[in-house]
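The residues making up each chain are set out below.
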Amino acid sequence: MSLAEKRPDSGFRLSKLIYDSQYRGYTIQFLFLCALALLIGWLVDNAYMNLAKLGITPNFSFLTNRAGYDISFKLIHYTNDSTHGRAALVGLINTLFVSFLGCIAATVLGVVVGVLRLSKNWVIARLMTIYVEVVRNVPLLLWLLVIFAVFTEATPAPRDFRGANPSAHMWLWNSMAVTNRYVALPAPEFFRSLGNIDLVVFKVSLDLLALVAVVVLGGLADRALRNHAARVQEATGRRPTTWWATVLLYFGPPIALLAILGFHFDYPKMTGFNFTGGMLAPNSLFALWFGLTIYTAVYIAEIVRAGILAVSKGQTEAAYALGLRPGRTMRLVVLPQALRVIVPPMISQFLNLTKNSTLAAAVSYPDLGATLGGVTLNQTGRALESILLMMVTYLIISLLISIAMNLFNRRVRLKER
Amino acid sequence: MSQAPEAFCRSEMLPPREPPLSQRGAWKWLHENMFSSIPSGAISVLGTGLVIWLVVQLYPWFAHSVWTANSLNECRAIITKTWGEGADGACWAVIHERWNQYLYGFYPSDAYWRPDLAFLLMLVSLLPVLFARFRKLIWFSAIFPAIGYWLIWGGSFWVIPAILAGFAVGGLAYRLTARLSAAVGLAAAALVAVLWWLFLAAPAIGLLDSVAPLKLEFVESRNLGGFLLSFIIGFCAITFSLPLGILLSLGRRSDLPIIKTSCVLFIEFIRGVPLITLLFTASFLLAYFLPPGTTFDLVLRVVIMVTFFAAAYIAEVIRGGLAAIPRGQFEASDSLGLTYWQAQRLIVMPQALKISIPGIVGVFIGLFKDTTLVIFVALLDPLKGITDAVRGNASWNGIYWEPYIFSGTIFFVFCFGMSRYAMYLERKLKTDHH
């Protein structure tokens, strides 16, 4: 065995830039950078010349101009006298709203389907397999169109609810009605409302904020209670019963608050040819929401199934050997380990759902792509700025969701020693 | 001494008894798989009931199908006449009548043989890629994209050799410069090929045309539509995104910081924005970034953007495969003295790609489904574009379910086929003993 001597250092020669793997990296990167710079320079130069020829200078001042078009569904105040910027904001909030609803519903449905697909029950396992295979092998656009067609073609017109003997009936004890243009829902209202807080850009209902605060406080109190119970259990070996306190903490304060504020529903009523009162939500919202849900749920179901299958059978058997019942085995042994596998791909499914919500245009739901990337783009002709703004917005949304989810992921990650 | 009692000894075996009813045959199966507990039994009954209800509800609609008619009203009249007042039925006649439109969009009807031939040749070119026993035909797969382009868009025949010659001169440049370094060779090859296509191909085509004019009628991109369009975009994007995705994934794992950063930025940008914004870019913006006066085909622009989109996702899938390869493989290839590209080609990629097959096919399936999104840049996709065009006609106004079921079924067949093929490939390439 001979020890390698110190590497002979014969100094730098020009040929080393090609032949010496130590220096070749610099050559390659330099060439790459040059090519990239040339490409970008060429593109920018072309854009500059094209825009100069058309007499356009890119600027975003059109966002402060009057929009002049109506938006069929909005969560913040907007009229056609508002600015293009505000229209974009309405679209952004609509995108976030439907994505949020979709993520929650898709998670619930996906977990149920994923677990049921592993069920020993032959019928339900087969049904779920058919659901998964059919939905994921057909474009999302088709599901949106089909659901939208169900909403617009297979439902009665508002005027069918009219008269003493209407041909269509409202659902759930006359509280909601599905028509071919909108869904009329009862609206939550307060006799003694706290009013709104003005956040410059939009207003937020103080009632809602108070409700959220009470629920969060209840959750924190419940956590303290559980920690206390765990400490008692550590010290004495006996865990105090806490379930009733948990129920009370979660449901008591919100119900009390709602009673204090005088919570009631404003039911939609038929007046003339249309419903008034309540909330009239456009069918496009429901079509988009349901479409995104059934489509994304399939992918989530597959992720959940793979996650559960990834936990080795020995874990379940060990839990049974310790005398845990199937439910507790699932909750205490299998799920915590499966979550580790489930969460990262689930994050990308939430991102996919948010990005897929741009298909809103197919059912004419006014999302960001329909306001900023649709009417505003066509009216102002500011394609460059609109699309750039849209891309940046989606990038930021993606970034925020992945940061939030990665934080959550860090919490459920297996702590290895 | 008393006599020992006579010992009882059975001289013949009892015949085996039948297992109890709940433990054999159909009953056992039912007991185990459908009625193992009360909730399970309830779910089974509910599920079966749901299926039966659906069949009962939908059967008449399918049973009353009309296959030949010229309008929706005619369809309804036929159904009423045959099945009585109030009967409901499917009107597949719309598919029958508009079959060509669904398949080809507004492609000139006397030239339907061109896409047909291109589709057949595509199947032939796929054989060597999909099945090992046709490996000898691989040269055809290499030249098919040029032939397909000529068949579908038409123009001069010499466009095929002109396109292929670009690859030839690129390959030649690679041969001459690869001695220095594979990366330099690749760069040189790409440069020479692009120079050929940009500046020399057009005069060469002109020259050959003047010598021997061989022409097909030129078809404009806006006439393409239906499944033809979906297949063009899907096929091109799948073909080009795989190599691009491999390069991006290698770039992302590279030791060279500038290349790594560029690849990461590209991948994360593409993955962070919805496909529709990229299609908008293709439709509205790409023209701004090309030399003034350049007109650039919309389908081509869309193909480029969809390719980039798929490549970023494939790069991430392959990165997962690369991460799963043990370090020892890289070290072993280093110790054998293989260069970077040799190691990637012979050691790393075969293993990484094998691991990534399910993910890659998943991206391809997603890509094929996403070809329907071209409707948002006013191209005629088979789902909404063609269906809206059909419904725009007074005779088919108001027809909804039949076109959706038809195009949905075709998408299902192809996507399901792709996923089954991925499973077959996985089984075939499985070399471990688990």
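Residues numbered from 1 in each chain as written. Chains lettered and ligands numbered in written order. Predicted model: local features only at pLDDT ≥ 70, side-chain atom pairs only at ≥ 80, totals over all residues.

Caption draft 1: Examining the overall build of chain B more closely. Along chain B, the regular secondary structure elements total 17 helices and two strands. At 30 Å, chain B has a C-alpha radius of gyration far larger than the 22 Å of a compact globule built from 434 residues. Oriented by its inertia axes, the alpha-carbon framework of chain B measures out at about 120 × 80 × 40 Å. With 434 residues in all, chain B has 31% of them scored as buried. For chain B, the share of sequence-separated contacts (at least 6 apart) that also reach a separation of at least 24 residues comes to 69%. (Helix = DSSP H or I, 4+ residues; strand = E, 2+ residues; numbered from the N terminus. Rg over C-alpha atoms; globule rule 2.2 N^0.38 Å. Buried ≥ 20, exposed ≤ 12 C-beta atoms within 10 Å, placed from the backbone. Contact = placed C-beta atoms within 7 Å.)

Caption draft 2: Highlighting the environment of A:Ala318. All names here are of chain A. Tracing the sequence through the fold places Ala318 in helix 9 (residues 313–321). The exposure class assigned to Ala318 is partly exposed, which follows from the 13 C-beta atoms found within 10 Å. For the pair formed by Ala318 and Val333, sequence separation is 15 residues and the distance between their alpha carbons is 9.4 Å.

Caption draft 3: Layout of the interface of chain B and chain A. Taken together, the contacts link 45 residues of chain B with 48 residues of chain A. Listed by contribution, the elements that provide at least two residues to the side of chain B that touches chain A are helix 2 (38–63), helix 9 (182–211), helix 11 (257–272), helix 12 (275–285) and helix 17 (401–429) of chain B. A per-element tally of the side of chain B that touches chain A places helix 17 of chain B first, with seven residues. Of the residues in the side of chain B that touches chain A, the class split is 28 nonpolar, 14 polar and three charged. (Nonpolar A, V, L, I, M, F, W, Y, C, P; charged D, E, K, R; others polar.)

Caption draft 4: Layout of the domain arrangement of chain B. As assigned here, chain B comprises domain 1 (56–97) and domain 2 (222–429). Each side of the interface is counted separately: domain 1 of chain B has eight residues, and domain 2 of chain B has nine residues. (Domains from an automatic or database assignment.)

Caption draft 5: Local environment of the nonpolar core. Formed by 157 residues in total, the largest nonpolar core has its most connected members in A:Leu144, A:Leu288, B:Ile232, B:Leu279 and B:Val302. The element best represented in this core is helix 13 (residues 298–323) of chain B, accounting for 17 residues. In contact with B:Val302, not counting residues within four places along its chain, are B:Ile233, B:Leu279, B:Ala282, B:Val374, B:Val377 and B:Leu379. (Core = buried A, V, L, I, M, F, W, Y, C linked by C-beta atoms within 7 Å.)

Caption draft 6: Summary view of the domain arrangement of chain A. One can read the domain layout of chain A as domain 1 (64–155 + 282–382 + 404–417) and domain 2 (187–265). Between domain 1 of chain A and domain 2 of chain A, the C-alpha centre-to-centre distance is 27 Å.

Caption draft 7: Representation of the environment of B:Ala173. All names here are of chain B. Relative to the assigned elements, Ala173 resides in helix 8 (residues 159–177). C-alpha of Ala173 to C-alpha of Leu191: the two residues are 18 residues apart in sequence and 9.0 Å apart in space. Apart from the residues within four sequence positions on either side, Ala173 is in contact with Ala188, Ala189 and Val192.

Caption draft 8: Summary view of the sheet that holds strand 9 (residues 279–282) of chain A. Residues and elements named next belong to chain A. A sheet is described by the order of its strands in space; here three strands give the open sequence 1-2-9, paired in antiparallel fashion. A strand with exactly one partner marks an edge of an open sheet, and here the two such strands are strand 1 (177–178) and strand 9. With four bridges connecting them, strand 2 (residues 182–185) and strand 9 associate as antiparallel partners. Considered in strand 9, the bridge of Leu185 is made with Met279. Of the strands in this sheet, strand 2 and strand 9 touch helix 8 (residues 283–310), which is tilted by about 60 degrees from strand 9. (Pairing = 2+ DSSP bridges. Axes fitted to C-alpha atoms, helices over the stretch in contact; angles between N-to-C directions.)

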